[in-house]
Amino acid sequence: MEDVFTAYFDCRRRKRGMYNSLVFEVDYERKCVELWRQINAGTYHPIRSIVFIVFKPVIREVFAPSFESRVVDHLIAQKIEPLFEEQFIEDNYATRKSKGTLYGINRVADFIRKCSANYTRDCYVMKLDIKSFFMSLPKQALYDNMSAFIGEHYHEDDLYTLLYMLRTIIFDRPELHCVRRCPRSYWENQPKEKSLFNSDGKHGTPIGRLTSQLSASFALNPHDHLVKEEWGISYYGRYVDDMLLVHKSKEYLLEVRERIREWLAERGFILHPNKMYIQHFTKGVSFVGGKVLPGRKYISNRSLGFYYDAIEHWNNSAAAEQGFAEAHGEEFVAVINSYLGLMKHFNTYNMRCRICNMIGHEWWKVIYIGKGLHKAILKKQYKRLAIYKSEIHKDLIPKISLRKINMVYDWAILNYK
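Presented here is an overview of the structure given in this document.

Rules used in this analysis
- Residues numbered from 1 in each chain as written.
- Predicted model: local features only at pLDDT ≥ 70, side-chain atom pairs only at ≥ 80, totals over all residues.
- Heavy atoms only, no water.
- Helix = DSSP H or I, 4+ residues; strand = E, 2+ residues; numbered from the N terminus.
- Buried < 20%, exposed > 50% of the residue type's maximum accessible area, 1.4 Å probe, protein only.
- Contact = heavy atoms within 4.5 Å.
- Areas by Shrake-Rupley, 256 points an atom, 1.4 Å probe, with all protein chains shown as cover.
- Lys, Arg positive; Asp, Glu negative; His and termini not counted.
- Charge placed at Lys NZ, Arg CZ, Asp CG, Glu CD.
- Phe/Tyr/Trp six-rings, centres within 6.5 Å; stacked < 30°, edge-to-face > 60°.
- Lys NZ or Arg CZ within 6 Å of the ring centre and 35° of its normal.

1. Thoughts on the overall build of the protein
Check the secondary structure of the protein and you find 17 helices and 12 strands. Counting only C-alpha atoms, the protein reaches 80 × 60 × 45 Å along its principal axes. Across the 417 residues in the protein, those meeting the buried criterion constitute 44%. Look at the contacts in the protein between residues 6 or more apart in sequence, and 69% of them connect residues 24 or more apart. Counting only carbon and sulfur atoms, one obtains 51% of the accessible surface of the protein, whose full area is about 22300 Å². Where the 62 positive side-chain charges of the protein centre and where its 48 negative ones centre are 7 Å apart.

Following this line, the structure appears as structure tokens:
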């Protein structure tokens, strides 16, 4: 039971204000106990998910599991992640603590610098991608491999319960009991091979679940060791199914590509024929949202385009409604800083100047940009707490004593936090 409660508290972290999290939290103790009983009795089964289509960065089908299912995902993850971490290579970047896209971009830049001896000799960069990777994962083979690995390395008393939960989630078919949150016409623009609704039930795992991400990382782990240890590609990294290899010989990279193609084909995967890139390192390479060139790194044009769209959206809203900027300053600052915080890790000073120049004049009444263009700061008088205090002064000072005003201040501060 303690594991279930730990998984719940981990699951709600940084998502406590979301609707599903609030509904669960109203009676979370009873619900966690009931979930614990279902798991131990072998009657747990994932309840319906919400499915929708996203269009950025590419069109993709996403299944958002129920909060209860997310708790079970975290319960499984807290038990198997330490085992996976011992087996994964350093350059598997997805769904791992202290890793991620920025870490992967920095590693790629380091690969190129080392392989080219500080940009003084030739080396080549190759990128590969697996076609419809999540939809191609074979459920039975995935479960057999994961259960064999867990059975060998996991030595706690709840081994069979863990395998039961894993089997229930892997073989679940969320497309049969889900709720669509966008029109069916949205699926018309999506390739059929990228949707679970067109699967045979024996392949595919839903994008949007934590266990799906862990399963995807685990499925290609043997391939990672093969590339680095047996095929001699020291400079190799992977983010889910996006692979990047750096080597001094272009011919050897092409030879390794054929080996990778054969290895994947034996396991039911297809190397994407239109997403293979191989170039001299001086041409640069785009990888997981960044572009790496000799001695410098830039944010990708696609990510920069998202920033432009966000600023244009907020500018239009501020221009259309009187007082919008004053009322939504904190939300706007959060959006701006999410991008500036990423861009400060790249050579993007001129880009940040251009972006700041795009901000509408309505917003300059309530914000200013900090030194180095790394952070947008909301002026003190437009913070919500300051607005609350102002309203209290205006409405209550003529009516109540100073002691009561202080009590109301304390209440406002507590509610703000």
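Right, picking up where we left off after that structure.
2. Quick notes on the environment of threonine 168
In this fold, threonine 168 is placed in helix α8 (residues 159–170). Excluding anything up to four places from it in sequence, threonine 168 contacts Tyr44, His45 and Pro46.

3. Points about unusual backbone geometry
Backbone geometry places tyrosine 119, a non-glycine residue, at a positive phi of 65 degrees. Looking at where tyrosine 119 falls in the secondary structure, it is placed in the loop between α5 (101–115) and β3 (124–129). In this structure tyrosine 119 comes out as partly exposed when scored by relative accessible area, which is 32%. The residue valine 240 is not glycine, and still its phi comes out positive at about 60 degrees. Structurally, valine 240 can be placed in the loop between β5 (235–239) and β6 (242–247). Exposure remark for valine 240: the relative accessible area of 9% places this residue in the buried category.

4. Some words on the environment of arginine 352
Here arginine 352 lies in helix α15 (residues 349–358). Exposure remark for arginine 352: the relative accessible area of 5% places this residue in the buried category. Taking the C-alpha atoms as reference points, arginine 352 and leucine 373, separated by 21 residues in sequence, lie 6.6 Å from one another.

5. Section: the packing of aromatic side chains
Scanning the model with the defined rule gives 27 aromatic pairs in all. For the ring pair tryptophan 314 and tryptophan 363, a centre distance of 6.0 Å and an interplane angle of 70 degrees mean the geometry is edge-to-face. Of this pair, tryptophan 314 sits in helix α12 (residues 301–320) while tryptophan 363 is found in the loop between α15 and β11 (367–369), placing the two residues 49 residues apart along the sequence. What makes tryptophan 314 buried here is its relative accessible area of 15%. Given the relative accessible area of 0%, tryptophan 363 is considered buried. Members of the aromatic cluster, connected to one another through ring pairs, are Phe5, Tyr8, Phe9, Phe24, Tyr28 and Phe67. The ring of tyrosine 103 has lysine 99 lying over it, and the distance from NZ or CZ to the ring centre is 5.2 Å. The ring centre of phenylalanine 197 lies 4.2 Å from the NZ or CZ of arginine 180, which sits over that ring.

Functional significance is not addressed by these values, which are geometric in nature.
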